[in-house]
Amino acid sequence: MIARLTAGVSRRAAVALALLSAALLIAPWVVNDYLLTILILILYFAYTGQAWNIMMGFAGQLSLGHALYIGLGGYVAATLFTRFGVAPWLGLLAAMPVAALCGAIVGYLAFRFGVTGVYFAILTIAFAEFARIGFDHWDFVNATSGLFLPVKQYTHNDLWRLRGDPTMFYYVILAATAAALLLCQLLIRSRTGYFWRAIREDERAARAVGVDAFRYKMIAVMVSAAVTAFAGVFYAFFYNNLFPEQVFSLPRSIEIILGPVIGGIGTLFGPILGAFVLTGLAETLNSALTAFGVDLPGVTQVFYGLCLLIVIAALPDGVWPPLARRLGLSEDKK
Amino acid sequence: MTALLSVETLSKRFRGLTAVDRVSFAVPAGAIFAVIGPNGAGKTTLFNMIAGALKPDGGTIEFAGRRLDGLPADAVCRRGVARTFQLMRPFPALSVEDNVTVGALLHRHDVEAARARAQTLLLRLDLFDKRHRIATTLTLPDRKRLEVARALATEPRLLLLDEVMAGLRPTETDRMVAILQALNRDGLTILLIEHVMRAVMALASHVLVLDHGTAIAEGAPERVVRDPAVVQSYLGAEPM
């Protein structure tokens, strides 16, 4: 287990990772509140990108509806908290199985009936849309009026109930991102990880060597959904409000995949790098425009589009693989 | 000798075309059994039905005393029947070693044990030195042997080879023949579809000839190649 955690990590990469971890650990003491919020956003996208990457990068199943699992995670934990006073960490124990179950339903319908590729992606969008419309009309969760978590001035950080200042949230999402990275490192080097990559590369050939493709694709969807659900819980308790129109919307799903696409699908560090590059640059652009007094609605989206175009044209494997080679930090071939 | 694989009146139709028409044969344990015939004779269809890639329309396939027909490809492999693809299908972005490790993981849960098994097989198939190469960078003969290595990694009792000699030069063909003979000596039963008569004559203990979906001859290779029906439909006037 320990050996697998460090397998394929060169000394140089370990040092680089340690330096990055140290920098991120001390960041709240160094940066101002605005930058801290940006860092939280970056880590949030690093985390969700990592979760999405399990399905697409490892097992080759394109989901364009991961907002479904964000929304479900958020709604389950927030409802349990506001209605029954259940702490978010216990809520997470309910949110993850709920998301995994929904992932299993989407997966079962698709994989049992041979829905693959683009059609599978469309199915994932459809389910996120079903959820959006369903929650819009569900009074128990306040339908379109949205679900709000009680906010007041907290004298101290309550980690158990996730009530506190941004610094606490920063450390929570940092720990979660680190945990997701470790989980992915373990998964990709496991037996399941080998079978996922075989399915991703050539499903028919994978089945010819005895891989039960249905079973392993189901595992990928369920793990990815469950991991994603935590991001939903975090979202709900960080922003203190949930609207179906927002959490389940297609742009939410697209945001999740931008990081890994830019960073490098199927790599371990790509989603993290992608989140830093994309969110970092977009926020820099935003503040620059604000500083010059320019107000251009939608400029972030246009910027994302440009980034995607450039990366897909120039670096189809993402930014991380060539960068890693140049820095001598290459991951083993996945 | 008992039959490891027995095929009874197996049929497959594609719309109006009967690709395989009530074909029956038995592969004894320990044999090297070749299926030959002209293009379009139904060899690959027959092969794909045994491998679970196609469902038969009629007839039965029995392997080691249990029905195999109708099972999906992965279940067929788990029963102990491994295949290669005529148009090779390595896992493209994976290394040669990882390609074979995937196969070795079928009956092993420990990745390191599977990797060790993969390395043993790569040594045997002369691919050990190329084990860190990405599968798609291999030459055609190497990729052919990679197909065999990956299939062997699943520890089959029966190995199905789909034109594994096609496109090989004579020296490479002889190398593959030697490898397959050695595997057979260790107890592996082999069923191959083959066009390269040089390999068939060197390897096969039994030959089945298909033409237009039906079996027109079966028996020892020396006898089959002199069969007038076989000469007319497949081998032509070419001297053997």
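Not measured: the values here are computed from a predicted model. (Residues numbered from 1 in each chain as written. Chains lettered and ligands numbered in written order. Predicted model: local features only at pLDDT ≥ 70, side-chain atom pairs only at ≥ 80, totals over all residues.)

Student: Sorry if this is basic, but what is going on with the overall build of chain A here?
Tutor: Within chain A one finds 15 helices and two strands. Relative to the globule expectation of 20 Å for 334 residues, the C-alpha radius of gyration of chain A, 20 Å, shows essentially globular dimensions. Taking the principal axes of its C-alpha atoms as reference, chain A extends roughly 60 × 45 × 40 Å. The buried share of chain A, reckoned over its 334 residues, is 47%. By sequence separation, contacts in chain A at least 24 residues apart represent 77% of the contacts at least 6 residues apart. (Helix = DSSP H or I, 4+ residues; strand = E, 2+ residues; numbered from the N terminus. Rg over C-alpha atoms; globule rule 2.2 N^0.38 Å. Buried ≥ 20, exposed ≤ 12 C-beta atoms within 10 Å, placed from the backbone. Contact = placed C-beta atoms within 7 Å.)

Student: I tried to follow the pairing of strand 7 (residues 158-162) of chain B on my own but got confused; where do I start?
Tutor: Sheet faces and side chains relate simply in a regular strand, where the side chains alternate between the two faces. All names here are of chain B. In terms of residue burial, strand 7 counts as a mostly covered element, since five of its five residues are buried. Burial of strand 7 is two-sided: the residues Leu158, Leu160 and Asp162 facing one way and the residues Leu159 and Leu161 facing the other way are all buried. Pairing of strand 7 with strand 8 (residues 189-193) involves five bridges; the strand directions are parallel. The residue of strand 8 that forms the bridge with aspartate 162 is isoleucine 193. Remark: the strand 7/helix 6 (residues 170-185)/strand 8 crossover connection has right-handed handedness. (Pairing = 2+ DSSP bridges. Right-handed = clockwise from strand over helix to strand, strands pointing away.)

Student: What is the right way to read the domain arrangement of chain B from this model?
Tutor: It is common to give the size of an interface as the accessible area that goes away when the parts come together. Residue and element names in this part refer to chain B. Under the domain assignment, chain B is made up of domain 1 (3-80 + 156-235) and domain 2 (89-153). A straight line from the C-alpha centre of domain 1 to that of domain 2 covers 24 Å. Listed per partner, the contact involves nine residues of domain 1 and nine residues of domain 2. Of the residues forming the side of domain 1 that touches domain 2, the biggest block, three residues, is contributed by helix 6. By residue class, the composition of the side of domain 1 that touches domain 2 is six nonpolar, one polar and two charged. (Domains from an automatic or database assignment. Nonpolar A, V, L, I, M, F, W, Y, C, P; charged D, E, K, R; others polar.)

Student: It is not clear to me how the packing of helix 3 (residues 33-58) of chain A against helix 7 (residues 166-188) of chain A should be interpreted in this structure. Could you clarify?
Tutor: Residues and elements named next belong to chain A. Where helix 3 contacts helix 7, the axes come no closer than 9 Å and their chain directions differ by 20°. Our classification of the angle between helix 3 and helix 7 gives roughly parallel. The two elements helix 3 and helix 7 cross, and the hand of that crossing is left-handed. Of the residues assigned to the contact of helix 3 with helix 7, the class counts are 21 nonpolar, five polar and one charged. (Axes fitted to C-alpha atoms, helices over the stretch in contact; angles between N-to-C directions. Parallel < 35°, antiparallel > 145°, perpendicular 65-115°, else oblique. Left-handed = near helix turned anticlockwise from the far one by under 90°.)

Student: Please clarify how the sheet that holds strand 4 (residues 58-63) of chain B should be interpreted in this entry.
Tutor: Two pairing modes exist for strands in a sheet, parallel and antiparallel, and in both the strands are linked by backbone hydrogen bonds. Residue and element names in this part refer to chain B. The strand order 2-1-4-5 describes an open sheet built from four strands, whose pairing is antiparallel. This sheet does not close on itself; its edge strands, each paired only once, are strand 2 (17-28) and strand 5 (66-67). Taken together, the five bridges between strand 1 (residues 3-14) and strand 4 define a ladder with antiparallel strand orientation. Across the sheet, the residue bridging to serine 11 is glycine 58, located in strand 4.

Student: Can you help me understand the sheet that holds strand 7 of chain B in this one?
Tutor: Residue and element names in this part refer to chain B. With respect to topology, six strands assemble into an open sheet ordered 6-7-8-3-9-10, the strand pairing being mixed. Of all the strands in the sheet, just strand 6 (81-83) and strand 10 (214-219) have a single pairing partner and so form its edges. Here the average twist between neighbouring strands, direction ignored, is 20°. Bridge count for strand 3 (residues 32-36) against strand 9 (residues 206-211) is four bridges, and the pairing is parallel. Within strand 9, the residue paired with alanine 34 across the bridge is valine 207.

Student: Quick question: what am I supposed to make of the interface of chain B and chain A here?
Tutor: Each partner contributes to the interface: chain B provides 23 residues, whereas chain A provides 19 residues. Looking at the side of chain B that touches chain A, the elements that each hand over two or more residues are helix 2 (73-79) and helix 3 (96-104) of chain B. Sorting elements by how many residues they give to the side of chain B that touches chain A places helix 2 of chain B first, with four residues. Residue composition of the side of chain B that touches chain A, grouped by class: 13 nonpolar, five polar and five charged.

Student: I keep staring at unusual backbone geometry and nothing clicks. Help me out?
Tutor: Backbone phi values are negative for most residues with the exception of glycine, while trans is the configuration of most peptide bonds. You will see that asparagine 240 of chain A, though not glycine, has its phi angle at about 65°, which is positive. Mapped onto the secondary structure, asparagine 240 of chain A falls in the loop between helix 10 (213-239) and strand 2 (241-242).

Student: Sorry if this is basic, but what is going on with the packing of helix 4 (residues 67-84) of chain A against helix 5 (residues 88-112) of chain A here?
Tutor: For any two helices packed against each other, one specifies the inter-axial angle together with the distance between the axes. Residues and elements named next belong to chain A. Relative orientation of the contacting elements helix 4 and helix 5 amounts to 145°, with a least axis distance of 8 Å. Judged by the twist between their axes, the crossing of helix 4 over helix 5 is right-handed. Contacts between helix 4 and helix 5 involve Leu68, Tyr69, Leu72, Gly73, Val76, Ala77, Leu80 and Phe81 from the first element and Pro88, Gly91, Leu92, Ala94, Ala95, Val98, Ala99, Cys102 and Gly103 from the second.

Student: Help me out: how do you make sense of the environment of glycine 263 of chain A in this one?
Tutor: All names here are of chain A. Along the chain, glycine 263 turns up in helix 12 (residues 250-263). In this structure glycine 263 comes out as buried when scored by C-beta crowding, with 31 C-beta atoms within 10 Å. It is 8.9 Å that separates the C-alpha atoms of glycine 263 and valine 311, two residues lying 48 residues apart in sequence.

Student: It is not clear to me how helix 3 of chain B should be interpreted in this structure. Could you clarify?
Tutor: In an α-helix there are 3.6 residues to a turn, and that puts residues three or four apart on one side. For helix 3 of chain B, the tally of buried residues reaches nine of nine residues, placing the bulk of the element in the interior. Val96, Glu97, Asp98, Asn99, Val100, Thr101, Val102, Gly103 and Ala104 of chain B are the residues of helix 3 of chain B that are buried. Tucked into the core, helix 3 of chain B has its buried residues touching helix 8 (191-201) of chain A together with helix 4 (111-124) and helix 5 (140-153) of chain B.

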